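Each chain, letter by letter, is given below.
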Amino acid sequence: MKKILLLLISIFCVTPIFASYKKINVPDSSSIRKQLVETWFEASLDEVREKNPEIYSNSAGQKFQVRLEETETTYKIVVAAGVLMPVTVISKNGESQVDQVVYPGTLPGSVHLIKDKKTDKPLSLRYFYSADSDVYVQFSPYAKTSIADVVVFNYYAAKGVSTGVPFENFYTCSFDDAVRLTQKSLPWEYISVDETKYDSIIKMVSVIKKNLGKIMYTPESIYDENNNLVSEITGKEVNILADDDEKRLYLSSAGFVKWIADGLVKPVAGSQLKRGPLVTETVKVKDVGNMGVFQQNNSAFFALNWIRNMSSAIISVYTNRTYTFENSGVDVNINPFASKIGSGSTSNTINFVKDNGYNADVLKSLLYVLAVKESGTFYFGAIRQTDRTRSPEIKVFNDCVVFFPYFNSGKGFECKVFMNGREMSLENFCITHKEDYIYLTKARSSDVFYPYLPESE
């Protein structure tokens, strides 16, 4: 048993909070900000309104622009990192391309001091360190010290955490010094992106996309361990029409994600996954009540059972041991967020719900964190929807989806989503399923990925 636990830890390793942080190279404006304290940061709105944007360079020659930006109730002193970009110049001689330094304001290394318009008092100081501008850390004054928030898109990975550091210290603090000062209090494991660890994810995505045109969505149809087209429910053979193309793949929602899993399993085991073990029930329901009656002739948890058993089977093949979902560690059930921005209260925010999963709204933030913490892992999803054709309504897991989160060469977050043999954006998926819950299980990506193709037989 001890060996099994050690093996699972090595497969799905979660490193300690600060151990996973390594110094990241963001342009440093700390020496510049030391020159701005009196003239910009501590000056009144009327005073900074009289100033034109100013350009500074740090000791490494990296350029920053200091400028004022206003909203209806607040204003910002923006220390914006510069980047060299081609710009189209239009003159009487026509158009030409020239390289010019631009200052978008949210590039890694940029810093915003946000102040109240009525009082000129500082509200927060925000550090941008990610290629994704909606991922940042901010510090706010609190009594004689400060509190900190870590934001991942629309969710707080940490909110209102005491730092013990005077707020004004962050005016001139480098990003790495800010990390050092808060290493024990903030979840810095969410920021250390190594974009070289996602090659197998990207390869799998490429193979799947290349073959999407061969897939025809066909309800209840899967390929069994012998490449026979069978019903996912009964296991009985499914007959395709005579005029159907035998070079196509006829796959249901569950059949499509199994096709992906089989592409990992067959090169190792020599055959594809059997259907029977995948429909094993993983949720116990009382015989009485509406759900109990429904379960007598149906499965409200079909897709959930399918992905739990499938992820467990992948681990079993990789380790040559038999795991069930209870002891395989494939369920994703972390609660990394304190609250959603604008929700007002942290106490009412629950990310994960047992046997239900996560609301679709949190998926982008969650998959970002998972991509950082468990690089090279992808996720099967079961969608819990409301069946309104019944009275009373009932919640059922009918459809499956698969997510491939990764960071590109520029360290920007991306997530490829595939469902029913088609690709869709994560944003569109979350909008479509905004009222649904998504249960996630995980699997390791691999360079050895060869999903079944009829013409290869």
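Structure: above.
Residues numbered from 1 in each chain as written. Predicted model: local features only at pLDDT ≥ 70, side-chain atom pairs only at ≥ 80, totals over all residues. Heavy atoms only, no water.

*Asks:* Which residues make up the overall build of the chain, and what values do they have?
*Replies:* Counting its regular elements, the chain contains 13 helices and 22 strands. Across the 457 residues in the chain, those meeting the buried criterion constitute 49%. Pairs at least 24 residues apart make up 63% of the contacts formed inside the chain by residues separated by at least 6 positions. Of the roughly 22300 Å² of accessible surface on the chain, a fraction of 49% belongs to carbon and sulfur atoms. (Helix = DSSP H or I, 4+ residues; strand = E, 2+ residues; numbered from the N terminus. Buried < 20%, exposed > 50% of the residue type's maximum accessible area, 1.4 Å probe, protein only. Contact = heavy atoms within 4.5 Å. Areas by Shrake-Rupley, 256 points an atom, 1.4 Å probe, with all protein chains shown as cover.)

*Asks:* Provide a residue-level description of the pattern of salt bridges, including the pertinent values.
*Replies:* One pass over the full model with this rule turns up 16 salt bridges. In this structure, E70 and R49 form a salt bridge, with 2.8 Å as the shortest nitrogen-oxygen distance. In this pair, E70 is assigned in strand β2 (residues 63-70) and R49 in helix α4 (residues 45-49), connecting sequence segments 21 residues apart. For R49, a relative accessible area of 45% puts it in the partly exposed group. Between E69 and R67 there is a salt bridge whose closest N-O contact spans 3.0 Å. Accessibility expressed as a relative area gives 13% for R67, which makes it buried. Overlapping salt bridges bring together D46, R49, E70 and K117 as one network. (Salt bridge = Lys/Arg side-chain N within 4 Å of Asp/Glu carboxyl O.)

*Asks:* Explain the pairing of strand β4 (residues 83-91) residue by residue, including any values.
*Replies:* Bridge count between β4 and strand β5 (residues 94-102): nine bridges; the pairing is antiparallel. Looking across to β5, one finds that L84 is bridged to V101. (Pairing = 2+ DSSP bridges.)

*Asks:* Give a detailed account of the sheet that holds strand β10 (residues 155-162), specifying residues and quantitative values.
*Replies:* Here we have nine strands laid out as an open sheet, ordered β1-β2-β3-β6-β7-β8-β9-β10-β15, and antiparallel in their pairing. Every other strand in the sheet has two partners, leaving β1 (54-57) and β15 (339-340) as the edge strands with one partner each. Here eight bridges tie strand β8 (residues 135-142) to strand β9 (residues 145-152), and the two strands are oriented antiparallel to one another. Paired with V135 across the two strands is V152, which belongs to β9.

*Asks:* Describe the packing of helix α7 (residues 253-269) against helix α10 (residues 302-319), naming the residues involved and giving the relevant values.
*Replies:* Where α7 meets α10, the closest approach of the two axes is 10 Å, and the angle between their N-to-C directions is 10°. One way to sum up the angle between α7 and α10 is to call them roughly parallel. The residues of α10 that touch α7, namely those facing A254, V257, K258, A261, L264, V265, V268 and A269, are F302, W306, M310, I314, V317 and Y318. Across the contact of α7 with α10, the residue classes tally to 13 nonpolar, no polar and one charged. (Axes fitted to C-alpha atoms, helices over the stretch in contact; angles between N-to-C directions. Parallel < 35°, antiparallel > 145°, perpendicular 65-115°, else oblique. Nonpolar A, V, L, I, M, F, W, Y, C, P; charged D, E, K, R; others polar.)

*Asks:* Summarise the sheet that holds strand β21 (residues 422-424); cite the residues concerned and give the values.
*Replies:* Here we have seven strands laid out as an open sheet, ordered β16-β17-β22-β18-β19-β20-β21, and antiparallel in their pairing. The open sheet has two edge strands, β16 (352-353) and β21, and neither has a second partner. Bridge analysis of strand β18 (residues 377-387) against strand β22 (residues 437-444) gives eight bridges, and the strand direction is antiparallel. Bridged to R384 within β22 is Y437. Across the sheet, helix α12 (residues 363-373) lies against β17 (357-359), β18, β19 (394-407), β20 (413-419) and β22, angled at about 50° from β19, the strand it touches most.

*Asks:* So what's going on with the nonpolar core? Which residues, and what values?
*Replies:* Counting 124 residues, the largest nonpolar core has F256 and F403 as its most contacted members. In this structure F403 touches L363, L367, F378, Y379, G381, C415, K416, V417, L426, F429, I438 and L440, once residues within four positions along its chain are discounted. (Core = buried A, V, L, I, M, F, W, Y, C linked by side-chain atoms within 4.5 Å.)

*Asks:* With reference to specific residues and values, describe the environment of V179.
*Replies:* Of note, V179 is situated in helix α5 (residues 175-181). On the basis of relative accessibility, which here comes to 0%, the residue V179 falls in the buried class. Through-space distance from the C-alpha of V179 to that of V137 is 9.9 Å; in sequence the pair is 42 residues apart.

*Asks:* Explain the packing of helix α6 (residues 199-211) against α7 to me, using residue names and the numbers behind them.
*Replies:* In the contact formed by α6 and α7, the axes pass within 12 Å of each other and the chain directions differ by 130°. On the basis of the axis angle, α6 is oblique to α7. Read as a crossing pair, α6 and α7 show a hand that is right-handed. Facing M204, I208 and N211 of α6, the residues of α7 in contact are F256, W259, I260 and L264. In terms of residue class, the contact of α6 with α7 is made up of six nonpolar, one polar and no charged. (Left-handed = near helix turned anticlockwise from the far one by under 90°.)

*Asks:* Give a detailed account of the packing of aromatic side chains, specifying residues and quantitative values.
*Replies:* Under the definition given, this model contains 26 aromatic pairs. Within the aromatic cluster, the residues linked to one another by ring pairs are Y127, Y129, F139, F170, F175 and W188. Across from the ring centre of Y156, 4.3 Å away, lies the NZ or CZ of K159, which sits over that ring. The lysine or arginine in question, K364, covers the ring of F153, its NZ or CZ lying 4.4 Å from the ring centre. (Phe/Tyr/Trp six-rings, centres within 6.5 Å; stacked < 30°, edge-to-face > 60°. Lys NZ or Arg CZ within 6 Å of the ring centre and 35° of its normal.)

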